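Descriptive analysis of the structure
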Amino acid sequence: MYKTPCSRLSGLVGVSVKQKLVQSVPRCNQTARSLIQLHRRDHLNFLKRQYVAKNNSELYQRAIPKQAPVLTIVDERDDSVERQVQRISTIDPVVTDTVSQPEDVTSRAQPEISTLKPSTEDAAVQNDSVSSTVLTSDEPPHVHVETDEAKEARLDKQWKQLKLEVADLPDVYARLSKIKLTALVVTTAAAGYAMAPVPFDPIIFSVACLGTGLASCTANSINQYFEVPFDSNMNRTKNRPLVRGQISPLHAVSFALACGVPGVALLTLAVNPLTGFLGALNIFLYTCCYTPLKRLSISNTWVGAVVGAIPPVMGWTAATGCLEPGALLLGGFLYSWQFPHFNALSWNLREDYSRGGYRMVSVTHPGMCKRVALRHSVGLIGLSTLAPVLDVTTWTFPVISLPINLYISYLAFRFYRKGDRSSARKLFFCSLWHLPMLLLLALTCKKPRNDQDPALPPAPLVS
């Protein structure tokens, strides 16, 4: 078949292109392998840099000098190069003064990496850079041994979930209900009942104290249920049952309902409806007003003072069935006493409250915190003077209570002037014994009760 010049030319071009393609195939394959190896090497180098950076940063935080990277990644194409690791003979543990290292992957990998034999001329530089922290064949390696005390202190700082056993339930319930605070609430309610000018009824007294205690357990349990994420940031509250996971939130709420429903029912049905209403109101104020206000406004301190002032009023109403000036006076004692007590306590816990996110007056308004504590400490003197005016106590009470009222006012003045931890601590510890002493003095100076009704004629004498 006859071929035109154009077809001959295209045939020659096709043959030459085919020859060039055949010759370039091995070169392309080699280039592809090089690109793959380069990518793999760069990827491994990237991972190596990330690992070394993370490892060194972690060691640097543990007070160990940062080490320069001494190893290079071996090219995978060269199978003749092998990494030789020096084996370290077994030695006896030596206790050192350095910071103990946790037993993890990075700490175990460190001696192996540092004892690799270098295959280049940088051996001297490598030995100089890591001589202070690595193990060599001439110097025995240091084994970090952690003492039992150090291990216990380290584990105590770490959060861990605790398992619940049936035998631990009483202790868990006691901490969930803040048993010491509940005991103080019941004591003030009992004082209010004892101060009322009516005959003492032991059955009503016991039922009123029981119902008040159950209501307090409910309020404290719900308070901890709401504040779990904030309590976990505070040293003072990080070991509470809900924070440590000893009980579930459903368990805590069930315990609160199991205390609150019969508590309010006892106060309402067995005592009187007014006392039951005050108990339910106190639960509402503590859980729905005071608890959320702690993270919103400094007014939470004043709302909390109202909550603390209600229990003695409940004791008075449990005895009399009505609100009287004497009940409000006892509530005023508790209201004013709480400011020197709590302000002094919160002054030394400002860091804790800041971590928890609570807007306490000691954190945001330190000057106001000191002024309010002094103002209400002096106010206790005026309230003590008002007691005989309202016919609650005799005039002996303001006189014999004046020394302790002056003393707490003096400590509050020192706290106002200095504003240091020592003065706040002294004021706080004084408040712990001041309140029971004040209530005891009021009880001893209680106004004598006139058992005979003046409207009735005197009973005839029987000869």
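Residues numbered from 1 in each chain as written. Predicted model: local features only at pLDDT ≥ 70, side-chain atom pairs only at ≥ 80, totals over all residues. Heavy atoms only, no water.

Some details on the overall build of the protein chain
Applied cut-off: Every helix listed is a DSSP run of H or I at least four residues long, and every strand listed is a run of E at least two residues long, numbered separately from the N terminus. The buried label goes to any residue with under 20% of its type's maximum accessible area, the exposed label to any with over 50%, and the partly exposed label to all in between, with areas taken from a 1.4 Å probe on protein chains only. Contacts are assigned to residue pairs that have any heavy atoms within 4.5 Å of one another. The method behind every accessible area is Shrake-Rupley, applied with a 1.4 Å probe, and residues are considered shielded solely by the protein chains displayed.
Along the backbone of the protein chain there are 19 helices and zero strands. Per-residue burial for the protein chain yields a buried fraction of 35% across its 463 residues. Within the protein chain, contacts between residues at least 6 apart in sequence are counted, and of these 75% link residues at least 24 apart. Carbon and sulfur atoms form 63% of the exposed surface of the protein chain, whose accessible area is close to 27700 Å².

As for a nonpolar patch on the surface
We apply this condition: A residue counts toward a patch only above 30% relative accessible area and without a salt bridge, and it is joined to like-charged neighbours within 9 Å or, for Val, Leu, Ile, Met, Phe, Trp and Tyr, to nonpolar neighbours within 5 Å. The term salt bridge refers to a pairing of a side-chain nitrogen on Lys or Arg with a carboxyl oxygen on Asp or Glu at a separation within 4 Å.
A cluster of nonpolar side chains, namely Tyr407, Tyr410, Trp433, Met437, Leu440 and Leu443, defines an oily patch on the protein surface of about 580 Å² accessible area. Elements supplying a minimum of two residues to the nonpolar patch: α18 (402-418) and α19 (421-444). The leading source of residues in the nonpolar patch is α19, at four residues. By the secondary structure assignment, tryptophan 433 is in helix α19. Taking relative accessible area as the criterion, tryptophan 433 reaches 38% and is therefore assigned partly exposed.

Concerning the confidence of the model for the protein chain
The condition that has to hold: Along the chain, pLDDT gives the predictor's confidence residue by residue, from 0 to 100.
The predicted model of the protein chain averages 76 in pLDDT, with 63% of residues at 70 or higher. The low-confidence segment residues 70-87 (pLDDT under 50) makes 19 contacts with residues lying over four places distant or belonging to another chain.

A short note on the pattern of salt bridges
Tallied over the full model, the rule gives six salt bridges. For lysine 294, the salt bridge goes to glutamate 227, with nearest N and O atoms at 3.1 Å. With lysine 294 in the loop between α11 (273-293) and α12 (300-320) and glutamate 227 in the loop between α7 (202-226) and α8 (228-231), the pair connects residues that are 67 residues apart, well separated along the chain. Under the relative-accessibility criterion, glutamate 227 is labelled buried at 1%. The partner of glutamate 351 in a salt bridge is arginine 421, and the shortest N-O contact between them spans 2.9 Å. Of this pair, glutamate 351 sits in helix α14 (residues 350-356) while arginine 421 sits in helix α19; the two residues are 70 residues apart in sequence, bridging distant segments of the chain. Residue glutamate 351 is classed as partly exposed on the basis of its relative accessible area of 39%. Residue arginine 421 is classed as partly exposed on the basis of its relative accessible area, which comes to 36%.

Details of α12
The periodicity of an α-helix, 3.6 residues per turn, causes residues three or four places apart in sequence to face the same way. Note the threshold: Take the residue count of a helix, subtract one, and multiply by 1.5 Å to get its expected span. In this scheme, the bend at a residue equals the angle between the axes fitted to the seven residues that finish there and the seven that begin there.
Helix length check: α12 (21 residues) gives 31 Å between terminal C-alpha atoms against 30 Å at 1.5 Å per residue, within 8%. Largest kink in α12: about 25°, centred on proline 311. Immediately downstream of α12, the backbone of glycine 321 shows phi near 80°, a positive value.

Side note on the nonpolar core
Selection criterion: The definition of a nonpolar core used throughout is a set of buried Ala, Val, Leu, Ile, Met, Phe, Trp, Tyr and Cys residues joined through side-chain atoms within 4.5 Å.
Counting residues in each nonpolar core, the largest one holds 34 residues, and the members touching the most others are Met195, Val271, Trp316, Leu329, Phe333 and Phe397. Breaking this core down by element, the ones donating at least two residues are α6 (179-195), α7, α10 (249-271), α11, α12, α13 (325-347), α16 (366-389) and α19. Discounting residues that sit within four places of it in the chain, valine 271 has contacts with Ile204, Val207, Ala208, Leu266 and Ala318. Within the second largest apolar cluster, 15 residues are counted, among which are Val361, Leu374, Ile408 and Cys430.

Considerations on the environment of cysteine 322
Among the structural elements, cysteine 322 can be located in the loop between α12 and α13. Residue classification places cysteine 322 among the partly exposed positions, given a relative accessible area of 30%. With residues up to four places along the chain from it excluded, the contact list for cysteine 322 reads Leu274, Trp316 and Thr317.

Observations regarding the side chain of threonine 287
Our working definition: The definition of a polar contact used here is a pair of N or O atoms within 3.5 Å, where within protein one atom must be able to donate a hydrogen and the other to accept one, and adjacent residues in sequence count solely through side-chain atom pairs.
In this structure, threonine 287 sits in helix α11. At 2.7 Å, the side chain of threonine 287 forms a polar contact with the backbone oxygen of isoleucine 283. Not counting the four nearest positions on each side in its chain, threonine 287 is found in contact with Ala219, Ile222, Asn223, Phe226 and Pro292.

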